[in-house]
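# Notes for the structure review
Below are the chains, spelled out letter by letter.
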Amino acid sequence: MSRFPLPRICNWLFLAWLLGSYSVVHAEAVTNLYEAEVAVFGQSGEARSKGIREAFAGVLVKISGDSGLLDDPQVEQLLNRGSRLVQQYRYKPLPNPPEGVEEGAPDRLLWARFDARAVNRLLRESGVPVWGEPRPSMLLWLGQEEGARRSLISPDRATSLKQQLTQTADARGLPLVWPLMDIEDQRAVQVSDLWGGFEENIRRASDRYLPDVILVGRLSYRGQGSWRGEWILYLPDKINRWQSYAETRAAVAKEGMEQAVDALALRFAPQQVSQGISSLRLRVHGLTQLADYALVQDYLRSLAMIDNVDLLAADPEQVSFLLRVHGGRDALVRGIQLGSVLEPMVMRVSPDPDQPEISEESVDGEGLDYRLR
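Notes on the structure follow. (Residues numbered from 1 in each chain as written. Predicted model: local features only at pLDDT ≥ 70, side-chain atom pairs only at ≥ 80, totals over all residues. Heavy atoms only, no water.)

### Observations regarding the overall build of the chain
When helices and strands are tallied, the chain shows 12 helices and 15 strands. Looking at the chain residue by residue over its 373 residues, the buried ones come to 45%. When contacts within the chain are restricted to residue pairs at least 6 apart in sequence, long-range pairs at least 24 apart make up 67% of them. With the model as given, the accessible surface of the chain reaches about 20,000 Å², and the carbon-plus-sulfur share is 48%. (Helix = DSSP H or I, 4+ residues; strand = E, 2+ residues; numbered from the N terminus. Buried < 20%, exposed > 50% of the residue type's maximum accessible area, 1.4 Å probe, protein only. Contact = heavy atoms within 4.5 Å. Areas by Shrake-Rupley, 256 points an atom, 1.4 Å probe, with all protein chains shown as cover.)

### Remarks on the sheet that holds strand β2 (residues 86-93)
Pairing is antiparallel in the open sheet, where three strands are placed in the order β1-β3-β2. Two strands in the sheet have a free side with no partner beyond their single neighbour: β1 (35-40) and β2. In this sheet, adjacent strand axes meet at a mean angle of 20° when their direction is disregarded. Judged from the seven bridges that link them, β2 and strand β3 (residues 108-114) form a sheet pairing that is antiparallel. (Pairing = 2+ DSSP bridges. Axes fitted to C-alpha atoms, helices over the stretch in contact; angles between N-to-C directions.)

### Thoughts on the nonpolar core
Judged by nonpolar contacts, the single largest core of 32 residues is most densely connected at Met-138, Leu-140, Leu-233 and Leu-264. Mapped by element, the contributors of at least two residues to this core are β4 (138-146), α5 (159-171), β7 (213-221), β8 (227-234), β9 (239-246) and α9 (249-268). Element by element, the count of residues in this core is highest for α9, at nine residues. When sequence neighbours within four positions are dropped, the list of residues in contact with Met-138 reads Leu-174, Pro-175, Leu-176, Val-177, Val-213, Leu-215, Leu-233, Met-257, Ala-260 and Leu-264. Among the nonpolar cores identified, the runner-up in size contains 28 residues, and Ala-57, Leu-78, Leu-110 and Ala-112 belong to it. (Core = buried A, V, L, I, M, F, W, Y, C linked by side-chain atoms within 4.5 Å.)

### Some words on the pairing of strand β15 (residues 367-372)
Counting buried positions along β15 gives five out of six residues, so the element sits mostly inside the fold. In this sheet, β15 lies alongside strand β10 (residues 277-287) in parallel orientation, the contact comprising five bridges. Paired with Arg-281 across the bridge in β15 is Gly-367.

### Some thoughts on the side chain of Asn-120
Here Asn-120 lies in helix α4 (residues 116-125). Given the relative accessible area of 13%, Asn-120 is considered buried. A distance of 2.7 Å separates a polar atom in the side chain of Asn-120 from a polar atom in the side chain of Tyr-34. Look past the residues within four positions of Asn-120 in its chain and what remains in contact with it is Tyr-34, Ile-63 and Val-130. (Polar contact = N/O pair within 3.5 Å; in protein donor to acceptor, adjacent residues only side chain to side chain.)

### Quick notes on the side chain of Asp-185
Relative to the assigned elements, Asp-185 resides in helix α6 (residues 183-188). Side-chain polar atoms of Asp-185 contact the side chain of Arg-208, separated by 2.9 Å. If sequence neighbours within four positions are ignored, Asp-185 has contacts with Trp-141, Pro-179, Leu-180, Ala-205, Arg-208 and Tyr-209.

Shape is all these values report; function is a separate question.
In structure tokens:
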């Protein structure tokens with residue numbers, strides 16, 4: 001006699017088919033992590049090989065989240081394998097070609113895309129963290145101080161600075177959001193909020209943009225070609241502070257942006273080097289239709305720290321998965337925190353001990369409990 005009733009087996013088979021065939025698109029996903037473009041001279045084989053190697057180096061930094069990765073001598077071996085992982089490449093014209101350039105100077109762009117699965121496998125085999133597509137969106141408020149004058153920097157008026165910082169964020173795979181600095185923003189945030197570090201005002205003014213994190217930069221001219229940047233990174237549950245120094249405003253802002261991405265990578269990129277691979281059970285509640293099951297599995301498969309997703313059980317409004325996770329439970333929790341698909345739950349004891357109340361955030365001893373947002 002069969003261990004499971006026939007209707008339940010049929011439901012499982014249909015659900016398995018649905019989960020394997022249904023796909024969705026998530027707004028939090030960064031789509032250009034495995035591609036890069038670099039300036040090259042000509043289309044010779046030597047120039048192409050050099051360009052692909054440089055593009056692959058940029059991809060490794062984006063995927064790992066580690067700006068210092070290329071300083072490791074062992075990474076040289078990884079760079080040598082980049083040419084075998086290229087899926088596509090093409091040449092593009094320079095956006096603003098200079099006039100009268102020297103012979104041998106870059107005259108075009110080389111764009112290359114690399115195999116995502118192969119790159120992830122190569123990094124994991126080498127003990128390098130893989131920071132996946134769901135990444136925190138960061139809203140940037142900038143202020144400037146020259147002498148006794150302080151002002152907010154409007155992106156529309158500082159177009160060159162905006163372009164440089166956007167390119168820096170893009171090169172690191174970070175979704176960057178700029179404030180509109182319209183009347184609503186001007187009423188909501190003042191220069192004194194940035195210099196005073198008034199967190200409540202800054203978070204309230206940022207709510208309209210729905211960012212995952214907020215970066216505040218105060219750029220001060222110190223005279224004699226010297227700039228200082230004072231930075232505050234507002235995370236959901238903590239604050240990071242640091243300073244940067246450079247000779248120009250653009251350079252000090254770029255340095256601050258790089259350090260912000262480094263801080264986010266330390267927080268959200270799975271550190272599987274020290275924690276290895278774990279098998280975790282994830283239960284998701286609030287699934288009221290078949291499409292919900294597909295949405296959840298497709299979302300889990302998009303997280304870079306998850307190596308494999310297996311369906312364990314499916315009941316009305318709940319499904320259980322067995323996950324193989326790089327970096328352990330903490331890495332999974334941080335990864336899910338960035339998305340807009342799942343939110344954590346906690347089991348609380350209600351007045352009736354036979355009816356436990358479910359709400360908010362925690363995990364039990366056997367796995368993780370989440371619900372569909």
